[in-house]
Each structure stands twice: as structure tokens, then as C-alpha cells.
Amino acid sequence: MTFPKKFLWGGATAANQIEGAYDVDGKGLSVTDVTTAGSLKAPRMLTYKLNGKLGKTPALPGAGLPAGAEGAIDPNEYYPNHVAIDFYHHYKEDIKMFAEMGFKVFRLSIAWTRIFPNGDEEKPNQAGLDFYRKVFEECKKYRIEPLVTISHYEDPLHLSEKYHDWQDRPMVDEFVKYAKVLFEEYKGLVKYWLTFNEINSSLLMLNLFGNSVSNDQVYQHAYQKLHYQFVASARAVKLAHKIDPNYVVGNMICGIVDYPLTPDPKDIMLNRHSWERDIFYCGDVQCKGKYPAYAKRLWQEHHVKLDITDQDLIDLAEGTVDMYTFSYYMSNVLTTHEVTDKVNGNFAAGVKNPYLSYSEWGWATDPDGLQYYLEVMNDRYELPMMVVENGLGAVDKISDDGKIHDDYRIDYLRQHIQAMEKAIDNGVDLIGYTTWGCIDLISAGTGQMSKRYGFIYVDRDDEGKGSLKRMKKDSFDWYKKVIASNGADL
Ligand code: BG6
């Protein structure tokens, strides 16, 4: 049998995309709480107050609030994350359904603003700590191992403004303070931790949509933010091991596979350098504990000057991660040549691959890419790996028989599980798989509810209407069978 006996099958979510209850029990505002809904055509917007007046600006990579503006809620806008799927009040019911599918692991994130509402308080908010304790205890009841992301796209709004989105060093201490509270509080309840979700995303998005935003200033911002996050992550890893040597801490990379379009050596070089621009760059620092040689070239390209201290370098070296985890949805094609057939989806850009099919949101379905990625990273880092996000965002319809026949989702997941199987057969040390959005949730990219990933349907639409009732899709029983057979019955 290919999959190891104790393979961690499960599903993944993020606090801001499921919990709702955005202002309940002392929770403070996060950046996502001032982000409106968007669509495939219209970007999500950040809303703010400037000189007493409300305004909004696209929440796009490289963009930020106008100088002097403060993030604020506009009562005339719709914020999908404020209610999301109300996991905050449905967690028992939801975890019970995950248990019914046989989940061994449930990936969730902690909302920083439940623990430290503004971020810079000295003492944590007890109600926030209690909520996650109850969630973890519920998981334990079903022998489900929580896999906890400490930061998943929801920095406290106050901290983000105070430290200019990770441009000031004290942000590192705030993160470490927060992580320490979690490691101490949940000792014995949690074993697996991830520091930052898709840490490479700030750079990745710039590179993907580089033409519109590629000035040196935004790169300076992205590289400095990343450096402080690398240090924060490394210090958290060290602390975790000190607090509980059983803790297993991973990084988390947005894993998009790049291919060259042609055998033109210029395309081959472009492709190699593209891997280095964020995926290897972040993986190398977090797994090898130092900046790679090519980092200098990357910084020079954009005249970047970083604040890096000797102590930072020590922390990076001492705080390498225990496992490599990543999200995988699609691949991407690059070329130095002129092409007309382009992809224009959400978070997907570049040349269209004639060998692949694309989702409604322009994401290429490429299971071979997953095998490829796993094998590349296994060779490079020789660490245990987990695929902590993978899935198909699609519109689901309730059929006349009252059921949701999501065979397209089953096909997608089956192919990716087969790809993982091949990678394991080729020697990859893969220890777990958590499909993204195991229960329908709010899309991070577009803020839509209609971009669904779940085995469990949630009755809520893009305008926030619906009963929030949960329903099993066909994929629910299919995944249950997959887990029960440890991947043999696909
Ligand atoms: C990953 C994020 O980028 O992709 C998730 O970690 C996100 O938060 C997921 O939801 C899918 O993207 P989207 O835009 O379909 O929600």
C-alpha cells in the first residue's frame, strides 16, 4: 500500500474564511474585516476613513491604503468575512461531520485578533483563548489532530497600520509574543503548527502581476516584510521547540509550478529564475536557515536594501522548520516570446497551457504538476512534507433530487491523490493531505461564497443570504471511502 499507515488525511480552512463572529467576545478588527466582497471581474476593496470621510481602494498586491487613511467599516458595504459560515457557532456540528468522514487532521487558523484584539495588548483575551480550546477539545474527542496556522491573512488592523504592514521591526516581537501564548496555552492539545500561510504570496503576486505594479518601492516593501516574517517564523520555531519538544512546526508556501513554454534556452532560464523569485527563495530561508546565493541578484534587480541584523541571521539558522508544507492548485507557463493566448483568472496569469483544462476562475488543473512539485522539494529539502491545500473551486448546484452531485470535484481530487501516490512511490516523504475548504467557505481571492471547495455545502450566497444549513455533497461519501481505505479506494 502506497500511503503510509498513519497518513494524515483531512481538510483545511482559515479563521477569517469560516468563523464569522468578527466582533464577538472581544475580537478586534483584522485587515480582512475591512475587505469587501469582489468577483472574478471586480477586485475586493479595502475600506478606510481619511479626514473623516469613508473611501475604498482595490485590495491588490502592491497596493495599500492612501497615506494617513485608517481601515474602517463602511455600513453601506458588504463584508463577507463578518459572518462567513459562522463556524464560531457551528464548530461542534462541523467537526462532527469531519469526524464522520474519518478526518485524521483538521487544518484551521487562529484569528490573531481573538487573542490580541489590537495586537499590542500585554495580556491575551481570555474569551478568544477559550474558544480555540473548545475547538481543539472537540477535535480531540474524535481523535482529530489539529494543524494550526498561526497567521493566515488576518493581521490585526491596528498593528498593520502601526507598523506599516510589516515594515517596522517591532512587528516581529508582536508576532512572537502571540505565538508564545499559543504554544504555552495549547500544549498537549496541538502538535502541528504552521507559522505563516503562503509566506511567499506577497512576492508571488507582485511577480505574477508585475507589469501593473512593478516599481522598486513595492519590491522593497515585499522583501522587507518577508525578512521580518522569516525572522518572526524562525523565532517562533525555536520557541515552540523549547516549550514542547514534541511540537512539529512547518512553513507554508503557495506552490505554483512554473513551466517554460519553449525549449528556447532563454525560456528555460526565465523559468528557473521564476522558481527562485519566491518559491525557492522562501523555502531556502525557512528550510536551510540562510539566504541563498541568488538572493543578492534578486535584491539588486529592484535596488532593495534590507534591514538585516547579525542576530537575525542567527535566528534564521537556528529556527529552521521541521516540515515543508504547501498549497497546490495549478501550474503556470512562462515564455520570453510573444503569445496571444493568455490566462486571465483570479490569481492566475500568464500563457495558456494547451495540454490542460482550466476552472471557471482560470486555474489550470494539473495533477502531474503536484507530483513534480513534491519531487523537486523532496530532493531540495529532504524534509517530511504535507500538502495542506488542494482543491477545485466550482459553482455547485442543488439538483432536483435535493443533492449536490459534484463529480467534477471528485475527479479533480482523485487525480491529485493519484499524483501524490506516484510521488510517494518515488521516495517522497509525504505525511499528510488536507484538501482546501473541506466545508464551503468565503473565497480569499474574490470574497465569493459561490466559489465552493467543500465536501459540505453551506447554504449562503454571495450577498450573504441563506440559512447557513450544512448539507453533504456526493464528494462527502467519496472522501470518507478514500480515508477508510487509506487511499486505496479512489
Ligand atoms: C490559498 C489561500 O491561496 O488559496 C486560501 O491560502 C484560499 O486562503 C485558497 O482560500 C483558495 O483561493 P480562493 O481565492 O479560491 O479562495
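Residues numbered from 1 in each chain as written. Predicted model: local features only at pLDDT ≥ 70, side-chain atom pairs only at ≥ 80, totals over all residues.

This part covers the overall build of the protein chain. A tally of regular secondary structure across the protein chain gives 15 helices and 19 strands. Computed over C-alpha atoms, the radius of gyration of the protein chain comes to 21 Å, within 12% of the 23 Å expected from 2.2 N^0.38 for 490 residues, which places it in the range of a compact globule. Dimensions along the principal axes, computed over C-alpha positions, put the protein chain at roughly 60 × 55 × 45 Å. For the protein chain, contacts bridging at least 24 residues in sequence account for 75% of all contacts bridging at least 6. (Helix = DSSP H or I, 4+ residues; strand = E, 2+ residues; numbered from the N terminus. Rg over C-alpha atoms; globule rule 2.2 N^0.38 Å. Contact = placed C-beta atoms within 7 Å.)

Grouped together as the largest cluster of nonpolar side chains are 131 residues, with contacts concentrated most on Phe 106, Ile 110, Leu 374, Met 385 and Met 420. Beyond its immediate chain neighbours, meaning those up to four positions away, Ile 110 contacts Ala 15, Ile 115, Tyr 132, Val 148, Ile 150 and Leu 182. Judged by nonpolar contacts, the second largest core, of 10 residues, contains Val 34, Met 45, Tyr 48 and Ala 59. (Core = buried A, V, L, I, M, F, W, Y, C linked by C-beta atoms within 7 Å. Buried ≥ 20, exposed ≤ 12 C-beta atoms within 10 Å, placed from the backbone.)

Within a sheet, each strand pairs with its neighbour through backbone hydrogen bonds, oriented either parallel or antiparallel. Strand order in the open sheet made by the 3 strands is 3-2-4, with antiparallel pairing throughout. The open sheet is flanked by strand 3 (53-58) and strand 4 (70-71), the only strands paired with a single partner. Two elements, strand 2 (residues 45-50) and strand 3, share 6 bridges in a ladder whose sense is antiparallel. Bridging across to strand 3, Lys 49 finds its partner in Leu 54. (Pairing = 2+ DSSP bridges.)

Looking now at the environment of Asp 244. Here Asp 244 shows up in the loop between helix 9 (216-243) and strand 8 (248-254). The exposure class of Asp 244 is partly exposed, given the 16 C-beta atoms found within 10 Å. Excluding residues that lie within four positions of it along the chain, Asp 244 makes contacts with Phe 183 and Lys 187.

Bringing the site of the ligand into the picture now. If you check the shell around the ligand, you find 15 residues, and the closest are Ala 14, Gly 393, Ser 443, Ala 444 and Gly 445. Here the residues of the shell around the ligand sort into 4 nonpolar, 8 polar and 3 charged. (Near = placed C-beta within 6 Å. Nonpolar A, V, L, I, M, F, W, Y, C, P; charged D, E, K, R; others polar.)

As a further point, take helix 4 (residues 126-141). If you check helix 4, its first and last C-alpha atoms are 22 Å apart, about what 16 residues at 1.5 Å a residue would give, namely 22 Å. Residues of helix 4 that are buried include every one of Gly 128, Phe 131, Tyr 132, Val 135, Phe 136 and Cys 139, and no others. Down the axis of helix 4, the buried side of the element spans an arc of 125°, and every buried residue falls inside it. When the buried face of helix 4 is taken as reference, the exposed residues oriented beyond 90 degrees from it are Gln 126, Lys 134, Glu 137 and Lys 141. Buried residues along helix 4 sit in contact with helix 2 (87-101), strand 5 (105-109), helix 3 (112-115) and strand 6 (145-151). Taken from the residues just after helix 4, Arg 143 is the one with a positive phi, measuring 60°. (Expected span 1.5 Å × (residues − 1). Arc of directions from axis to C-beta.)

To continue, consider the confidence of the model for the protein chain. When pLDDT is averaged along the protein chain, the result is 96, and 98% of the positions lie at 70 or above. This complex was scored by the predictor with a pTM of 0.97 and an ipTM of 0.99. (pLDDT = per-residue confidence, 0-100.)

Quick look at the sheet that holds strand 7 (residues 192-196) now. The 8 strands lie next to each other as 1-5-6-7-8-10-16-17, forming a closed barrel whose pairing is parallel. Pairwise comparison of adjacent strand axes, ignoring direction, gives a mean angle of 25° for this sheet. Bridge count between strand 1 (residues 8-12) and strand 5: 3 bridges; the pairing is parallel. Of the residues in strand 5, the one forming a bridge with Ala 12 is Arg 107. Packing of helix 14 (residues 407-425) onto the sheet brings it into contact with strand 16 (385-389) and strand 17 (430-436), and relative to strand 17 it is tilted by some 165°. (Axes fitted to C-alpha atoms, helices over the stretch in contact; angles between N-to-C directions.)

Turning to its location among the elements, Ser 233 is positioned in helix 9. Along the primary structure Ser 233 and Gly 319 are separated by 86 residues, whereas in three dimensions their C-alpha atoms are 7.5 Å apart. Setting aside anything within four residues of it in sequence, one finds Ser 233 in contact with Thr 195, Phe 196, Asn 251, Gln 286 and Gly 319.

Looking along a regular strand, one sees the side chains alternate between the two faces of the sheet. Counting buried positions over the 5 residues of strand 10 (residues 323-327) gives 5, a clear majority of the element. Of the two faces of strand 10, the one holding Met 323, Thr 325 and Ser 327 and the one holding Tyr 324 and Phe 326 are both buried throughout. Sheet topology note: the strand 8/strand 10 ladder contains 5 bridges and is parallel. Of the residues in strand 10, the one forming a bridge with Met 252 is Thr 325. Examined bridge by bridge, strand 10 and strand 16 share 4 bridges and lie parallel to one another. When the bridges of strand 16 are listed, Phe 326 appears paired with Val 387.

Turning next to unusual backbone geometry. Phi is positive for Ala 21, which is not a glycine, with a value near 45°. Tracing the chain through its elements places Ala 21 in the loop between helix 1 (15-18) and strand 2. Taking the number of C-beta atoms within 10 Å as the measure of exposure, Ala 21 has 17 and is therefore partly exposed. The phi dihedral of Leu 468 falls on the positive side, at around 70°, and the residue is not glycine.

With 24 residues, helix 10 (residues 265-288) should reach 34 Å at 1.5 Å per residue; the first-to-last C-alpha distance of 29 Å falls well below that figure. Of all the bends found along helix 10, the most pronounced is centred on Ile 279 and spans about 50°. All of the buried residues in helix 10 are Ser 274, Arg 277, Asp 278, Ile 279, Phe 280, Tyr 281, Cys 282, Gly 283, Val 285, Gln 286 and Cys 287. Immediately downstream of helix 10, the backbone of Gly 289 shows phi near 80°, a positive value. (Bend = angle between axes of the 7 residues up to and from the residue.)

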